[in-house]
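Working through the structure, step by step
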Amino acid sequence: MEFKKIDNKKFFNGLETGTIIDSTFFEEVKVEDKNVGIIRFKPFKDLDFIECGFSTRLGGVSTGVSESMNFCLDRGDSRENVLENFRIFSTAINTDINHLVISKQTHTTNVLYVDESNAGMGLVSQRNYDNIDGLITDKKGLCLVTAFADCVPVIFIDKKRHVIGSAHSGWRGTVGNITKNVIEQMGQKFGTKAEDLITFIGPSICMDCYEISEDVADEFKKAYSSKEQEYILYDKKNGHYQLNLQIANYFNMLNAGVKASNINVTDICTCCNKDLLFSHRATNGKRGVLCNFIYLK
Ligand SMILES: [Zn+2]
């Protein structure tokens, strides 16, 4: 499968990073008669204690604008289709729907610790939480699921303590710094040190695709230093800017103490690849939802 790639060398010019070029690879897993498309993150490949996969549109049962691997229950697709998609994708990554915990994303910076008592919530049982954009756990086999269609997945692995975190960081979550909240809560709950984290900033809208208005740019000007703004914002001098959400999240991680060499960034933009991935921008909101799945083995 050929994805159009982001030219991260251009955007991260002069910054120290982990893997930002060729940082992902595509895998196809056969589940019954379906070919399930999965994006894998190369820097996680050698971490044998985790399983992590990011979905594509390939391998599901939904049709129309949700074709085919859609995980969104409230944009017109049937519950039956969405459940079947979760079943197929779970099988592809060697888990099952009873082990998934689904976030309840509302563009907050709230992070929740989840354990076995939350297994299946948001899918096979009612959630006992709301307004949760980030999840952390130390429980083996419990699969954290966060949803995307241009917003930024931020994924955290403490390689020493074997604990994980996964969050949804759109522009509000980025300005509000949900990344810092995940790292702080992993610290409080598990004793995680930022320097032990390996992180990935996942498939999301690239700077070339993401035009924003002045009021959104102003929020970023308040939240970031002028040096950081040089990377994050491009002023088009017409009241509009291009925004680099991946770099903004990179700075959030760096400022929270993650080693630059452990911050890895997607080379795939959701909007540049709208036939293979769901993109809110590319479709004016007529789209399904992608998910990131991660669990401790
Ligand atoms: Zn793009």
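These numbers come from a predicted model, not from an experiment. (Residues numbered from 1 in each chain as written. Predicted model: local features only at pLDDT ≥ 70, side-chain atom pairs only at ≥ 80, totals over all residues. Heavy atoms only, no water.)

1. Looking at the side chain of serine 23
As a reminder, the rule being used: Each helix is a run of DSSP H or I of at least 4 residues and each strand a run of E of at least 2, with the numbering of both proceeding from the N terminus. Whether two residues are in contact is decided by their heavy atoms: any pair within 4.5 Å suffices.
Tracing the chain through its elements places serine 23 in the loop between helix 1 (8-11) and strand 1 (24-31). Setting aside residues up to four positions removed in sequence, serine 23 forms contacts with Arg40, Phe41, Lys42, Pro43, Phe200, Val265, Thr266 and Asp267.

2. Quick look at the sheet that holds strand 4 (residues 100-102)
Convention followed: Pairing between strands requires that DSSP locate at least two bridges from one strand to the other. Orientation is described by axes fitted as lines to C-alpha atoms, over the contacting stretch for helices, and by angles from 0 to 180 degrees between their N-to-C directions.
The sheet built from 6 strands is open, its strands ordered 1-2-3-15-7-4 with mixed pairing. Two strands lie at the open edges of the sheet, namely strand 1 and strand 4, each paired on one side alone. Shown here is a sheet whose adjacent strand axes are inclined to one another by a mean of 30°, direction ignored. Running at roughly 60° to strand 2 (residues 34-41), helix 2 (residues 79-92) makes contact with strand 1, strand 2, strand 3 (50-55), strand 4, strand 7 (143-148) and strand 15 (290-296) of the sheet.

3. With respect to helix 7 (residues 245-255)
Note the threshold: Burial classes follow relative accessibility: with a 1.4 Å probe on protein chains only, a residue under 20% of its type's maximum area counts as buried, one over 50% as exposed, and anything between as partly exposed.
Across the 11 residues of helix 7, 9 count as buried, placing the element largely inside the fold. When we look at burial in helix 7, the residues that qualify are Leu245, Gln246, Ile247, Ala248, Asn249, Tyr250, Phe251, Asn252 and Met253. After helix 7 finishes, the residue glycine 257 shows a positive phi value of roughly 105°.

4. Notes on the coordination of the zinc ion
Around a metal, the ideal angle is 109.5 degrees if four donors adopt a tetrahedral arrangement and 90 or 180 degrees if six donors adopt an octahedral arrangement. Put simply, the rule reads: Each metal's donors comprise the N, O and S atoms found within 2.8 Å of it (within 3.2 Å for Na, K or Ca). Water is not part of the atom list, so some coordination spheres may appear incomplete. In short, tetrahedral needs four donors with all angles between 85 and 135 degrees, square planar needs four and octahedral six donors with opposite donors over 155 degrees apart and all other angles between 65 and 115, and whatever is left is irregular.
Bound to the zinc ion are the protein donor atoms Cys206 (SG), Cys209 (SG), Cys269 (SG) and Cys272 (SG), situated 2.3 to 2.4 Å from the metal. Coordination at the zinc ion comes from 4 donor atoms whose angles at the metal span 103 to 117°, giving a geometry best classed as tetrahedral. Along the chain, the residues donating to the zinc ion are arranged with the sequence spacing C-x2-C-x59-C-x2-C. With cysteine 209 in the loop between strand 10 (197-201) and strand 11 (211-213) and cysteine 269 in the loop between strand 14 (263-265) and strand 15, this residue pair connects regions lying 60 residues apart in the sequence. By relative accessible area, which is 0% here, cysteine 269 ends up buried.

5. Points about unusual backbone geometry
Of the consecutive residues glutamate 67 and serine 68, the connecting peptide bond is found in the cis state with omega at -15°. Assignment of secondary structure puts serine 68 in the loop between strand 3 and helix 2. The phi angle at asparagine 131 is positive, at roughly 55°, despite the residue not being glycine. Residue placement: asparagine 131 occurs in the loop between strand 5 (111-113) and strand 6 (134-137). Here asparagine 177, not a glycine, exhibits a phi torsion of approximately 65°, which is positive. Within the secondary structure, asparagine 177 is located in the loop between helix 3 (171-175) and helix 4 (178-190).

6. A short note on the sheet that holds strand 6
Spatially, the 6 strands line up as an open sheet ordered 5-6-9-8-10-14, and their pairing is mixed. Among the strands making up the open sheet, the edge pair consists of strand 5 and strand 14. If you compare each strand with its neighbour and ignore which way they point, the axes differ by 15° on average. Those strands touched by helix 4 are strand 5, strand 6, strand 8 (152-158), strand 9 (163-169) and strand 10, and its axis lies near 160° from that of strand 9.

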